[in-house]
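# A look at the structure
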Amino acid sequence: MRGIAREKKKVGELRPSQLLHTFGVGAVVELPNLSVMVMGLDDWPVEQGASEINEPRLLRAVQQELGQQVVKLLTPPVTPESTGFQANPFDDTANIGVPVAPFPRWLLCPYCRLLAPIQSGLFELKLDYYRKDRSRYVHRNCKKPGKPPTAVPARFLVACESGHLDDFPWVEYVHRGKTDCRYELRLYELGASGEVADIQAQCVKCDKKRRMSDAFGPDGQSQLPSCRGRWPHLRKFDEKECKQFQRGILLGASNSWFALMLSALSLPTTTDKLGQLIEQNWAELEECESAREVKLKRKLLHGLSAYSEEQIWEGIEKKKSGSDQEDEDASDLRKPEWKVFSNPDPKLNSRDFKLKEVKPPDGYQQILRKVVLAERLREVQSLIGFTRIESPGDYSGMAELPEEFRAPLSRTPPRWAPTSDVRGEGIFLHFAEEAVQDWLKRVKTLDAEFFGAHKRWRASRGLPEPEANYPTMRYILLHSLAHALIRQFSLECGYTAASIRERIYSRAVNGDEEPMAGILLYTAAPDSEGTLGGLVSLGEPKTLARHLDQALEEIRLCASDPLCAEHHPYGDRLHGAACHACLFLPETSCERGNKYLDRTALVSTVERAEFAFFKGFSEALPQETVTARTDESLSPPKPKPLSPEFAEVLEYCDESCKDFVQSWAESGMPLPVVGYELQDERGRVCAGAELAWPGKKIAVLLPENDEFREPFESRGWRVFNAAELTRRKSELQTLLTE
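Residues numbered from 1 in each chain as written. Predicted model: local features only at pLDDT ≥ 70, side-chain atom pairs only at ≥ 80, totals over all residues. Heavy atoms only, no water.

### A word on the overall build of the protein
When you go through the protein residue by residue, the secondary structure sums to 17 helices and 28 strands. Counting only residues that meet the buried cut, the protein has 49% of its 738 residues in that class. Within the protein, residue pairs in contact and separated by at least 24 positions form 64% of the contacts whose partners lie at least 6 positions apart. (Helix = DSSP H or I, 4+ residues; strand = E, 2+ residues; numbered from the N terminus. Buried < 20%, exposed > 50% of the residue type's maximum accessible area, 1.4 Å probe, protein only. Contact = heavy atoms within 4.5 Å.)

### As for the environment of S537
Structurally, S537 can be placed in the loop between β24 (516-525) and α12 (541-556). With 44 residues separating them along the chain, S537 and C493 place their C-alpha atoms 8.1 Å apart. A distance of 3.0 Å separates the side chain of S537 from the backbone oxygen of G534, its partner in a polar contact. (Polar contact = N/O pair within 3.5 Å; in protein donor to acceptor, adjacent residues only side chain to side chain.)

### Observations regarding the sheet that holds strand β14 (residues 199-203)
Pairing within the open sheet is antiparallel, and its 8 strands lie in the order β8-β9-β10-β6-β7-β13-β14-β15. Every interior strand has two partners, whereas the edge strands, β8 (123-126) and β15 (209-211), have only one. Geometrically, the sheet is characterised by an average inter-axis angle of 35° between neighbouring strands, direction not taken into account. By the bridge criterion, 3 bridges tie strand β6 (residues 106-108) to strand β7 (residues 114-117) in an arrangement that is antiparallel. (Pairing = 2+ DSSP bridges. Axes fitted to C-alpha atoms, helices over the stretch in contact; angles between N-to-C directions.)

### Section: unusual backbone geometry
Between F103 and P104 the backbone carries a cis peptide bond, its omega angle lying at 5°. Here D561 and P562 are connected by a cis peptide whose omega angle stands at 5°. Here P562 is to be found in the loop between α12 and α13 (615-618). Look at I389: it is not a glycine, yet its phi comes out positive at around 70°. By the secondary structure assignment, I389 is in the loop between β21 (368-387) and β22 (416-431). Relative accessible area serves as the criterion here: at 12%, I389 is assigned to the buried category. The backbone of N469 shows a phi angle near 60°, a positive value even though the residue is not glycine. Structurally, the position occupied by N469 is in the loop between α10 (444-460) and α11 (472-489). The exposure class of N469 is partly exposed, given its relative accessible area of 41%.

### A few points about the nonpolar core
Of all hydrophobic cores here, the largest spans 82 residues; its most connected members are L429, F431, L485, F489, I519 and F614. At 11 residues, α11 tops the list of elements feeding residues into this core. Here I519 is in contact with I427, F428, L429, F431, L478, L481, A482, L485, R503 and I504, once residues within four sequence places are set aside. (Core = buried A, V, L, I, M, F, W, Y, C linked by side-chain atoms within 4.5 Å.)

### Some points on the sheet that holds strand β12 (residues 165-167)
Through backbone hydrogen bonds, the strands of a sheet pair up, either in parallel or in antiparallel fashion. Sheet architecture is open: 3 strands sit in the order β12-β11-β18, paired in antiparallel fashion. Edge positions in the sheet fall to β12 and β18 (247-250), since each of these pairs with one other strand and no more. Sheet twist, expressed as the mean angle between neighbouring strand axes with direction ignored, is 40°. Relative to β18, strand β11 (residues 156-159) runs antiparallel, the two sharing 4 bridges. The residue bridging F156 from the neighbouring strand is L250, located in β18.

### A few points about the packing of helix α15 (residues 658-666) against helix α17 (residues 729-737)
Two elements in contact, α15 and α17, have axes whose closest approach is 12 Å; the angle formed by their N-to-C orientations is 50°. If you check the angle between α15 and α17, you find them oblique. Pair α15 / α17 crosses with right-handed handedness. For the pair α15 and α17, contact is made by F660, S663 and W664 and by K729, L732, Q733 and L736, respectively. (Parallel < 35°, antiparallel > 145°, perpendicular 65-115°, else oblique. Left-handed = near helix turned anticlockwise from the far one by under 90°.)

### Quick word on the pattern of salt bridges
Summed over the entire model, instances satisfying the criterion amount to 39 salt bridges. Residue E449 pairs with R608 through a salt bridge whose shortest N-O separation is 2.7 Å. Pair noted here: E449 is in helix α10 and R608 is in the loop between α12 and α13, with a separation of 159 residues, a long-range link. Each of E55, D352, R378, D421 and R423 takes part in one network of salt bridges that share partners. (Salt bridge = Lys/Arg side-chain N within 4 Å of Asp/Glu carboxyl O.)

### A closer look at α12
The terminal C-alpha atoms of α12, which comprises 16 residues, lie 23 Å apart, in line with the 22 Å expected from a rise of 1.5 Å per residue. Of all the residues in α12, the buried ones are T543, L544, A545, H547, L548, A551, L552 and I555. (Expected span 1.5 Å × (residues − 1).)

### Some words on the environment of L73
Following the sequence through the fold, L73 ends up in strand β4 (residues 72-74). Note on L73: relative accessible area 1%, which makes it buried. Residues in contact with L73, not counting those within four places in the same chain, are S51, E52, I53, E55, L58, L59, V62, S382, A417 and T419.

### Structural notes on the side chain of E379
Following the sequence through the fold, E379 ends up in strand β21. Polar contacts involving the side chain of E379 include one to the side chain of S263, which spans 3.4 Å. A distance of 3.4 Å separates the side chain of E379 from the side chain of Q381, its partner in a polar contact. Aside from chain neighbours lying at most four places away, what touches E379 is S263, A264, L265, S420, D421, V422, R501, R503, Y522 and A524.

### Some words on the packing of aromatic side chains
Following the criterion strictly, the structure yields 19 aromatic pairs and no others. Plain terms: the ring middles of F168 and Y173 are 5.1 Å apart, the flat faces sit at 75° to each other, and that makes the pair edge-to-face. Note on Y173: relative accessible area 1%, which makes it buried. Consider the rings of F341 and F428, whose centres lie 5.2 Å apart with planes at 25°: the pair is stacked. Separated by 87 residues along the polypeptide, F341 in helix α8 (residues 334-342) and F428 in strand β22 bring together distant segments of the chain. (Phe/Tyr/Trp six-rings, centres within 6.5 Å; stacked < 30°, edge-to-face > 60°.)

### Structural notes on the side chain of S382
Counting through the fold element by element, S382 comes out in strand β21. Look at S382 and you get buried, because its relative accessible area is 0%. Once residues within four sequence positions are removed from consideration, S382 is found in contact with L58, V62, L73, L260, M261, L262, A417, P418 and T419.

If you want it as structure tokens, here you go:
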């Protein structure tokens, strides 16, 4: 981050993901000694350090929200230090970053308790070029002996629901209105508690004083002046008069900034290997107008060096002609994802997307149609705005949020949106539509209760059409089970509950459209290429059955029972039997702000039993008695121990080759080399094989590295695909024994 003054200087550091989810445009960032605000997109230096992210589906959705002038999705500017290069702190490259400005503009001297704005000239900025955390404002004329004390930001602000934020009106507040007093303000703490009732603002010129507690509470809004409509991140005031009442908030309050995000999973659209590579590099290839321009880029882009310029150009033209015929309904980001997950095709697997279908767990075949393991996922997220005071999680979707609550990201319509992409893994559960329909017939009473609460909730917020956007009991069932599984998975998968996210696919029968009933539980790590498989491993049939049993058994009784079980969706409360002890999750995990949850929809509780979807599954006692057999004659034969050399090969080879290596070692065949690198005539590495026998010129390539086939074959090598090793084992043995 850097200041936007005439002389730009770095004052702190943030991770790129924080610039979207926690400290985006318009958010206040509290540094060790400074408090700054992230400025609007007009001031971001996108020409340096930013890179384009290719995700057409998300770009169309962003254009639908922000306008057709948005032409690209860009990452936040990345500093040279992030790439391992230590920049000179006095060089211009050291100032690449996101621009910020000091906010709030009022500072407090902790020694003499002087309260004054920065523009008064009483405070001086001291920058430390080597220790950015030591940058601070100091009170130059303080009577404190020795070094001048470090000034701290005033911790009181005012904001309104329209997204406006402003410095606290100290002068008008202390003097109870406009004044001609040549003020000198002090802020005293009269007690040790730090509460607003013990903090008093005083003008030493006219001896006017006032407690800060008057600005808070039910009557606090009437004690504050009308909202000025200030956009500090845009350095301007709203052209329209703000009709909202402003309220006092504290610096760092959780309701001072809420991100408005759009996210989409990156889905492959072609089974052709070249087509997938073109999709991955589309941000660079989209602007190509001829095969000659492709020639300049093909060797610099991942995987394209194995294809000719004509082949690549033909694929680009094919994609451009197909993009004109894409579905224009960009608002429904879940529909294409549902089609891919509900009908997994191994041919669509790529570097960023890999699905594997497994059998539903025993005992759940009647309700789970499919279980799909997402071994690799890529999620792309874009920031399209933000709100203050009013959380977007309280609404069912982006269209529900009133337009007057959205704060803009720039002074003019933006031409790009800040975006990040993260990679991870997940488990997709596809529910049998017949089981869902049978259950919906039994829960009409509970459905009426939730629908009534939904209407009252919308009416209390003044939203039009109280009956609109009701998610139905189908969603409540899927949502409640997703929360129960996330809490259960977090005990074993290695991720906290805050790191696992949900994606609910719910749509009732509607005309010719296919109904949806599925949940995707996934994790995405912004600081690594993928994850370690801890979540995917829980989707195997036996493991998933155990976790489903334990998750459902765990929510039958809550630590807050019987109070939790007695909760019903009455009034405008949008959840039933659910609380922090049984179903609630951190806000990073839930897509609906812990609303529309009820464990009585899943299992029987101490209050209700007639609505349980899993009544016949989770509560059934096992019918078989399992006994342990200790007779050695009945024990399976132990595998033949491997030699140290083969054990090393087995340890370092890819997962898809382990079964082959195990059987290969037991048959006594020659030892392969793991991770063999092929060199060209100049001694440079031009290709790599997962397994190789260099003496026989035989190589084994992973499916995703098929572009290395041509360099090997042109030098006389025989190349095998790792997916075909078991089937072609005898052929390989013959070649090695010749």
